[in-house]
Each structure stands twice: as C-alpha cells, then as structure tokens.
Amino acid sequence: MMKIGIPDDYADVVRTLPSFAKMSGHAVSIWTDAVADIDGLVERFRDVEALLLLRERTPISAALVARLPGLKLITISGPYPNIDVAACTAHGIAVCSSVNRASMATPELTWGLIMSAMRHIPSEVAGLKGGAWQRRIGRVLHGRRLGIYGFGRIGKVVAGYGRAFGMSVLVWSRERGRAEAQVQGFDIATSPDELFAHADVLSIHLRLTPETRACITRADLARMQPGSLFVNTSRAELVAPGALVEALQAGRPGAAAVDVFEHEPVLGARDPLLALPNALCTPHLGFVALDQLDDYFSDQFDRVLAFERGQPIDVINPAVLGKSGVGA
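Heads up: these notes are all about the structure in this document. (Residues numbered from 1 in each chain as written. Predicted model: local features only at pLDDT ≥ 70, side-chain atom pairs only at ≥ 80, totals over all residues. Heavy atoms only, no water.)

**Some details on the overall build of the chain**
Counting its regular elements, the chain contains eleven helices and twelve strands. In terms of overall size, the chain behaves like a compact globule, its C-alpha atoms giving a radius of gyration of 22 Å where 328 residues would be expected to give roughly 20 Å. By its C-alpha atoms, the chain is 60 × 50 × 35 Å across when sized along the principal axes. By residue count, 48% of the 328 residues in the chain fall in the buried class. For the chain, long-range pairs separated by at least 24 residues make up 62% of all intrachain contacts whose partners lie at least 6 apart in sequence. When the accessible area of the chain is evaluated, it comes to approximately 15400 Å², of which 54% is carbon and sulfur surface. Considering the chain, the positive charge centre built from 33 side chains and the negative charge centre built from 34 side chains are found 3 Å apart. (Helix = DSSP H or I, 4+ residues; strand = E, 2+ residues; numbered from the N terminus. Rg over C-alpha atoms; globule rule 2.2 N^0.38 Å. Buried < 20%, exposed > 50% of the residue type's maximum accessible area, 1.4 Å probe, protein only. Contact = heavy atoms within 4.5 Å. Areas by Shrake-Rupley, 256 points an atom, 1.4 Å probe, with all protein chains shown as cover. Lys, Arg positive; Asp, Glu negative; His and termini not counted. Charge placed at Lys NZ, Arg CZ, Asp CG, Glu CD.)

**Considering the sheet that holds strand β4 (residues 73-76)**
Across the sheet, which stays open at both edges, the five strands sit in the order β2-β1-β3-β4-β5 with parallel pairing between neighbours. Both edges of this open sheet fall to β2 (27-30) and β5 (94-96), since each of them pairs with a single strand only. On average, adjacent strands in this sheet sit at an angle of 15° to one another, irrespective of strand direction. Two strands pair when backbone bridges link them, and strand β1 (residues 3-6) and β2 are joined in this way by four bridges, in the parallel orientation. For I6, the partnering residue across the bridge sits in β2 and is I30. Helix-sheet contacts for helix α11 (residues 290-308) involve β1, β3 (50-53), β4 and β5, and the interaxial angle to β4 is about 155°. (Pairing = 2+ DSSP bridges. Axes fitted to C-alpha atoms, helices over the stretch in contact; angles between N-to-C directions.)

Just geometry here; none of it tells us what the structure is for.
Listed below in structure tokens is the structure:
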C-alpha cells in the first residue's frame, strides 16, 4: 500500500469524513498547517508516494518534484494551476484530476455573502450581542440588477439564484457562455465595461488562468456605482494587486464581499481588506462544506486505490503510464 500525504487540512477534517474509511490500512500523514518554502515541503513529503491535494493550496513546482524521487501520484479535485504538470511528467509522476461532481457549496456561500452584505447581517448580529439594536439598515435584492462575470458552472447557478430573488441578471462571459445565458433568458452585457457600470451586485465566477490573472483592473472597479457590491468567491488573483482595497477606500464600489485572498491562509488578520469597514470577508469557505469535501476526497481515495491496482483513472498526463512501473 502506498504512503499517503494530505497537506493543508486546516480544519483537521479529512480524517472525520466517511470516505476516509477507504484509506483503511494505509499510512496516511495529514498536515493542518501551511508550509511555503521548498525545503520545508521536501522534508514534509520526503516519504510520500501519493499526494492528495486540497485544491490549489500547495504549489507543486518543478523544483519541488525534482527533490521527491519517491513521489508516484498527485491527485487533486478540479483545476490544477498550482501543479507543474510537465515537470511531473518528466519525473514519471502521474497527475489525476477531474471535475465530475457539481459544486453547490461555492454558489451557496456566494449567495450567503450577498445576503449578508446587503443586509449588514454580521455587523448587526455583533451589535445585538453587544447590546445595540438596529444600527445599519440594509437593502433588498428584489428589483436590483445582478451582474455575473463568467457564465460557467458556478456562474449559472448564482444567476439562477438571482432570478429566483426577483433580480434582473446581466451576464458577461466568453462567447459560448454568453450564448448559453441568452438561451436561458438572461440579459447580455455589450462589454465588461457595461457590466461593471450597471450591476448593483457584481459576482465574479472566472477560472484563474494566465489570461484571466489581474483581468479586473482599477479602472473596472472605478466604473461601479457607490452603492454597488463587488463579490469574489473565485480567486483573488483575478483582481489587479491592491486594486480592490484602493477601490473600496475610494467608494467605488461601495462594498465588497470576498472569500479569497492573494496570500492564503491569512493569519493574524494580515490582509488590508480585513481592516476595511465596507469589506465582508470569509476565510475561503467556498468549497469547504463537509459534504462537498467528502465528495472530493472520495474521488481522490478512489484514484489512489485504482493506481495501486494498476488501473489508474482520471490521469491528465497519460504519457507517464507504463514508465518505470507507473500505474502498472
């Protein structure tokens, strides 16, 4: 049986998941803290043969895999921008991933942030517990315009929530996404500029790629209205560094609700967004619901078992199969 490593389980929850029973009999090492430097990661993963990643929390670079000769398998759920797949292939390491399961956790959290920000729920709860009563009065969503930037799997769900709440929905996405949105009866923006300028609530649902990195600029945010809400549960790196803090300080948009940060985990409140009164922030909770995590790790454990049987599944670099016994 392979030696298993699971990093970045901040809440120490993996061993409590029902699917963890699939790893019975395996030597499983779980780390609940974050390590950034390569030397620390090499020491941590020295004896690991199968590395199970909790999304993109740990960067798997060429320099790292070159120093892990015992590593045979890396598995991750969803996108893998943190993995140097070419380097893994060169070192005979199989990389497995898929997006077979629909994620409801992230769109649900997105809507929770929107509701919380629009009605000032967190501050009102804190105020009530502190002895105050009705300090800030919020606004309803019904009749307002929801902007959706990126009409993929999550963007589609959030757009549906907006429609259910009586909002008009304005979409900007790639050509295929715009076509799908139009078929579903949503309004299509003529450009990103129109989306930023006319949305009362603007929710970002883009994948982080070299093309989308920092694609949201200071100028984009400056087009938003003083009473608007900017929502990001995708990736912080989609926004130009420092742009959101500056925009909130300038009052356009009027508020933000974010679940993602440029450097994670954020410990000791060391992020300037956390100091702003018009920013509602959560610690990247989007996909970390218990049932969602159980689905993710169930798939990951299945990949380990299949690899051990010599019948690997979900391999994204099949060129490694058969090399020096990989997957055999």
